[in-house]
Amino acid sequence: LGLCTKELHLCGSPAAVGIVTELVKDCGDVLEVREYDRLSPLKINKRPLRSLASVKKGDCLVTFSRGEIFELKREVEKESGLRCCVVYGSLPPEARSLQASLFNTP
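Predicted model, so just to flag it, every value in this text is computed and none were measured.

**Focus: the overall build of the protein**
Moving on, step 1. When you go through the protein residue by residue, the secondary structure sums to three helices and zero strands.
Moving on, step 2. The helix and strand sequence of the protein, counted from the amino end, reads α-α-α.
Moving on, step 3. Its C-alpha atoms give the protein a radius of gyration of 17 Å, clearly above 13 Å, the size a compact globule of 106 residues would have.
Moving on, step 4. Taken along the three principal axes of its C-alpha coordinates, the protein extends 50 × 30 × 25 Å.
Moving on, step 5. Among the 106 residues that make up the protein, the fraction classed as buried is 9%.
Moving on, step 6. Of the contacts made within the protein by residues no fewer than 6 positions apart, 28% connect residues no fewer than 24 positions apart.
Moving on, step 7. Summing over all exposed atoms, the protein offers an accessible surface of approximately 9700 Å²; the carbon and sulfur share of this is 56%.
Moving on, step 8. For the protein, the separation between the mean place of its 16 positive charges and that of its 14 negative charges on side chains is 9 Å.

Written out as structure tokens, the structure is:
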């Protein structure tokens, strides 16, 4: 995609593979598509979350600002008493692995 990187991972819907394939081909890059099975079902709440105190173990909250991620983490931990993991795009791989292990360890 014209980026100065050895490897780039894109995660998304299988519906995006076609357009990504075309983009990669136009850029003269190599594409390797890997599909993974979801290890647990994705369940979306029928009602909006009214309070961060309602967050349960295993829930995932999504924000689109790195600054908001840490504010949300503090608020969830304060309101729910749960520990939170944080993962974002530029998080170093070692830190990302640590955060994932915190999420996956009961």
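**Some thoughts on the confidence of the model for the protein**
Moving on, step 1. Per-chain confidence: the protein averages 82 in pLDDT, with 94% of residues scoring 70 or above.
Moving on, step 2. By mean pLDDT, helix H3 (residues 93–104) is the weakest element of the protein at 77, and helix H1 (residues 17–27) is the strongest at 90.

**Topic: a nonpolar patch on the surface**
Moving on, step 1. There is a patch of nonpolar side chains on the surface, built from Leu3, Leu8 and Leu10 and spanning about 310 Å² of accessible area.
Moving on, step 2. Relative to the assigned elements, Leu8 resides in the segment before H1.
Moving on, step 3. A residue is classified by how much of its surface remains accessible, and Leu8, at 44% relative accessible area, is partly exposed.

**A look at helix H2 (residues 66–80)**
Moving on, step 1. Along its 15 residues, H2 runs 21 Å from first to last C-alpha, staying within 8% of the 21 Å computed at 1.5 Å per residue.
Moving on, step 2. Among the residues trailing H2, Gly81 stands out with phi positive, at a value near 80°.

**Here we look at a positive patch on the surface**
Moving on, step 1. Positive charge collects at one region of the surface, where Lys43, Arg47, Arg50 and Lys56 lie side by side.
Moving on, step 2. Assignment of secondary structure puts Arg50 in the loop between H1 and H2.

Thresholds applied
Residues numbered from 1 in each chain as written. Predicted model: local features only at pLDDT ≥ 70, side-chain atom pairs only at ≥ 80, totals over all residues. Heavy atoms only, no water. Helix = DSSP H or I, 4+ residues; strand = E, 2+ residues; numbered from the N terminus. Rg over C-alpha atoms; globule rule 2.2 N^0.38 Å. Buried < 20%, exposed > 50% of the residue type's maximum accessible area, 1.4 Å probe, protein only. Contact = heavy atoms within 4.5 Å. Areas by Shrake-Rupley, 256 points an atom, 1.4 Å probe, with all protein chains shown as cover. Lys, Arg positive; Asp, Glu negative; His and termini not counted. Charge placed at Lys NZ, Arg CZ, Asp CG, Glu CD. pLDDT = per-residue confidence, 0-100. Patch = residues over 30% accessible without salt bridge, like charges linked within 9 Å, V, L, I, M, F, W, Y side chains within 5 Å. Salt bridge = Lys/Arg side-chain N within 4 Å of Asp/Glu carboxyl O. Expected span 1.5 Å × (residues − 1).

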